[in-house]
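Spelled out, the chains give:
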Amino acid sequence: MKKILSSGLPGRRWLSIGPPFLWLALFLLLPFLLVLKISFAELKFGIPPYTPLAELKDQTVTLALSLRGYALLFTDSLYIATYLNSVKMAAVTTLCCALIGYPMAYYIARSHPSVRNLLLLGVILPFWTSLLLRVYAWVGILRNDGLLNNLLQWLGLISEPLEIYRTDLAVYIGLVYAYLPFFVLPLYATLVKLDIRLLEAAYDLGARPWRAFFSVTLPLSMPGVIAGAMLVFIPSVGEYVIPEMLGGANTLMMGRVMWTEFFNNADWPMAAAVTCVMVMMLLVPLVIFQYNQIRQLEQQRGKTQ
Amino acid sequence: MTRPHPVLRATVLALGYAFLYIPILCLMAFSFNDSSMMTSWTGFSLKWYVELFNDQALLSAARLSLLIAALTATAAVAIGTWAGYVLARMGRFRGFALYIGMVSAPLVMPEVVLGISLLLMFVEISQLFGWPSGNGIFTIWVGHVTLCMAYVAVIIQSRIRELDRSLEEAALDLGATPLKVFFVITLPLILPALMAAWLLAFTLSLDDVVIASFLSGPGYTTLPLEVFSRVRLGLKPEINALATLFMLTVGIFVVVANRMQWRKGQA
């Protein structure tokens, strides 16, 4: 029975798998290969503003691979500082999301089912509303004459306004705020499926609450932690909107540098090279994320069949 | 013994939700402020809402965005459901890892990567074939569908996996073709998930700044592009009014849909 459901006829099978695959190959894989190609091109004036890689002239094909972009990217200290800073900011953001998000997801999952639904909705709701507008909300709070500084001054805690807006700290706040639901939701999904009897067994065997947490709950929730951490870390590295709205001129992030190269300097090969380096740096976390997805998928499949 | 500590639990949740909601509530409160500064309260006023509805640039951007979002959501649900069904039901086939990799890549891939790569491709294509002659609704739509179909696929595949397989198997045993089984049995069962996925794709498209920046052309300013170009330099009170309306609409929608689904689950 399973066989008929999952296979059909051989020719039909490709027809049924094919169309989404085709869309992704055409609009995801192919464009990325083009970026890779253009990252090796030379800047020129005209449309498009880059040189072709291979040229047929006098019956000879000349292949020109320019390494200008990459040479600059790996030697210029500003670019190197940008990579390191992007990774650092994304890592700190992920850690903060974990520290805030894990207890939240844990307590939501362990709530009474009727309350749980409401609490979960509370995490999902910001996810549905506009990220742009939610980040914008922080501008009014963090400015020197903003709500936070007014409140602190009114309470008499500070006499001079704190400089937060247009600093790295503001970017951290914005990133954690924007990505927190992405950590909580997949983690909640694993925690809610956790078999309570395992914890009870640990307690019966005399484990203290913290011991039970570290040797039962935490290891079993690792797939959720990994999925959440990757959903926060990978997009944060290339984030553009948040550093642009909350960060200062010296908040170095890759998404921003790439944006500047492309829109302000119109240097497409350079922007393409920055993009390629960004994807290369994200390759390891991407593979971890995909591996984790596939493993979870197979486990679920094992359960349902 | 296995129940969590009530005080600790209440504190953690209160702080977490305060962090998530205080900025939104501040934004909403100050949309009714008389002064243009979001720093002190000078009096209740609806003038920013009046200004919002007289702002032709914002209104036409909103119309364009709603159109693109509707087109995106519809296509993303069609392709994403297909991809989700393949992931949930088709077993392991050659290239499965690549398939799942490509479907879930847009979930995490920084949007700047998706934006620039699609733009470069459209430039190459129009060099080769003279089409598309300029960026606009079509190019933005392609970018948004590629992003949104990943979210749709994830929602749909987890929903399909929860389904009781015996219904589909019974229909097959009674002689229905797999295609008919999908449309007559599977599709009606996942209808609520389809609607949720459509709405999510709609709001994702309505919110996107980065992909649209790369893929829009002159004369095609979407709402987030218009909003972003105004707020990147500071506070704009008419945007507070817009944000309040947007968030209230989405909020009411999500809460009502959730209540309906929850009640159905209880019955």
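Residues numbered from 1 in each chain as written. Chains lettered and ligands numbered in written order. Predicted model: local features only at pLDDT ≥ 70, side-chain atom pairs only at ≥ 80, totals over all residues.

Let us now look at the overall build of chain B. Tallying secondary structure elements over chain B gives 12 helices and 0 strands in all. Seen in sequence order, chain B has helices and strands lined up from the N terminus as α-α-α-α-α-α-α-α-α-α-α-α. For chain B, the C-alpha atoms occupy an extent of roughly 70 × 70 × 30 Å along the three principal directions. The 267 residues of chain B split such that 43% are buried. Here the contacts in chain B between residues at least 6 apart in sequence split such that 76% fall between residues at least 24 apart. (Helix = DSSP H or I, 4+ residues; strand = E, 2+ residues; numbered from the N terminus. Buried ≥ 20, exposed ≤ 12 C-beta atoms within 10 Å, placed from the backbone. Contact = placed C-beta atoms within 7 Å.)

In terms of regular secondary structure, chain A is built from 14 helices and 2 strands. Its C-alpha radius of gyration of 25 Å places chain A more than 25% over the 19 Å reference for a compact globule of 305 residues. Counting only C-alpha atoms and orienting by the principal axes, one finds that chain A spans roughly 85 × 75 × 35 Å. The buried share of chain A, reckoned over its 305 residues, is 43%. If you take every contact in chain A between residues at least 6 apart in sequence, the share linking residues at least 24 apart comes to 69%. (Rg over C-alpha atoms; globule rule 2.2 N^0.38 Å.)

Let's shift gears to the confidence of the model for chain B. Atomic detail in the predicted coordinates should be set aside for any region of low pLDDT. Residues and elements named next belong to chain B. When pLDDT is averaged across chain B, the result is 86; 95% of the residues are at 70 or more. When the elements of chain B are averaged for pLDDT, helix α12 (residues 237–266) gives the smallest value, 81, and helix α10 (residues 210–215) the largest, 93. Of the two predicted TM-score estimates for the complex, the pTM is 0.88 and the ipTM is 0.87. (pLDDT = per-residue confidence, 0-100.)

Moving on: helix α9 (residues 191–207) of chain B. All names here are of chain B. The end-to-end C-alpha separation of α9 is 24 Å, in line with the 24 Å expected for 17 residues at 1.5 Å each. The element α9 is largely enclosed, with a buried count of 12 among its 17 residues. When α9 is considered as a whole, its buried residues turn out to be Ala 193, Ala 196, Ala 197, Trp 198, Leu 200, Ala 201, Phe 202, Thr 203, Leu 204, Ser 205, Leu 206 and Asp 207. (Expected span 1.5 Å × (residues − 1).)

Turning our attention to helix α11 (residues 222–237) of chain A. Relative to the 22 Å expected for 16 residues at 1.5 Å per residue, α11 of chain A spans 22 Å between its end C-alpha atoms, a close match to the ideal helical length. The buried fraction of α11 of chain A amounts to 14 of the 16 residues, a majority that puts the element mostly inside the structure.

In this section: the packing of helix α4 (residues 77–109) of chain A against helix α1 (residues 6–30) of chain B. In the contact formed by α4 of chain A and α1 of chain B, the axes pass within 9 Å of each other and the chain directions differ by 120°. Classified by the angle their axes make, α4 of chain A and α1 of chain B are oblique. Where α4 of chain A crosses over α1 of chain B, the handedness of that crossing is left-handed. Of the residues in α1 of chain B, those in contact with Ile 100, Pro 103, Met 104 and Tyr 107 of chain A of α4 of chain A are Arg 9, Val 12, Leu 13 and Gly 16 of chain B. When grouped by side-chain class, the residues that make up the contact of α4 of chain A with α1 of chain B number 6 nonpolar, 1 polar and 1 charged. (Axes fitted to C-alpha atoms, helices over the stretch in contact; angles between N-to-C directions. Parallel < 35°, antiparallel > 145°, perpendicular 65-115°, else oblique. Left-handed = near helix turned anticlockwise from the far one by under 90°. Nonpolar A, V, L, I, M, F, W, Y, C, P; charged D, E, K, R; others polar.)

To continue, consider the interface of chain A and chain B. At the junction of the two partners, chain A supplies 83 residues and chain B supplies 73 residues. Looking at the side of chain A that touches chain B element by element, the count peaks at 15 residues for helix α2 (residues 10–38) of chain A. A per-class count over the side of chain A that touches chain B returns 61 nonpolar, 16 polar and 6 charged.

All names here are of chain B. At a closest axis distance of 11 Å, the pairing of helix α5 (residues 111–129) and helix α6 (residues 137–162) adopts a crossing angle of 140°. Compared by their axis directions, α5 and α6 come out oblique. Of the two possible hands of crossing, α5 and α6 adopt the one that is right-handed. Residue-level contacts link Leu 114, Gly 115, Leu 118 and Phe 122 of α5 to Thr 139, Val 142, Gly 143, Thr 146 and Leu 147 of α6. For the contact of α5 with α6, the class distribution of residues is 5 nonpolar, 4 polar and no charged.

A few words now on the environment of Lys 236 of chain B. All names here are of chain B. Within the fold, Lys 236 resides in the loop between α11 (223–231) and α12. Here Lys 236 falls in the partly exposed class, since 17 other C-beta atoms lie within 10 Å of it. Counting along the chain gives 29 residues from Lys 236 to Asp 207, while the straight-line C-alpha distance between them is 18 Å. Discounting residues that sit within four places of it in the chain, Lys 236 has contacts with Arg 230 and Val 231.

Take the environment of Leu 27 of chain B next. With respect to the helices and strands, the residue Leu 27 of chain B is situated in helix α1. On the basis of neighbour counts, which here come to 24 C-beta atoms within 10 Å, the residue Leu 27 of chain B falls in the buried class. Here Leu 27 of chain B is in contact with Ala 137 and Gly 140 of chain A together with Asn 240, Ala 243 and Thr 244 of chain B, once residues within four sequence places are set aside.

Now for the environment of Met 149 of chain B. Residue and element names in this part refer to chain B. Relative to the helices and strands, Met 149 resides in helix α6. Exposure remark for Met 149: the 31 C-beta atoms within 10 Å place this residue in the buried category. For the pair formed by Met 149 and Ile 116, sequence separation is 33 residues and the distance between their alpha carbons is 19 Å. Apart from the residues lying within four places of it in its own chain, the contact partners of Met 149 are Ala 76, Ile 79, Gly 80 and Ala 83.

Confidence in the prediction for chain A averages 84 pLDDT; 92% of positions are at 70 or higher. Confidence over residues 1–9 of chain A falls short of pLDDT 50; this stretch has 12 contacts with residues more than four positions distant or in other chains.

The next point concerns unusual backbone geometry. Residue and element names in this part refer to chain A. A positive phi angle, near 70°, is found at Arg 166, a position not held by glycine. Position of Arg 166 relative to the elements: it lies in the loop between α7 (147–154) and α8 (168–192). The class for Arg 166 is partly exposed, based on 19 C-beta atoms found within 10 Å. One non-glycine residue, Ala 266, lies in positive phi territory at about 50°. With respect to the helices and strands, the residue Ala 266 is situated in the loop between α13 (254–264) and α14 (268–304). Taking the C-beta count within 10 Å as the criterion, Ala 266 has 12 such neighbours and is therefore assigned exposed.

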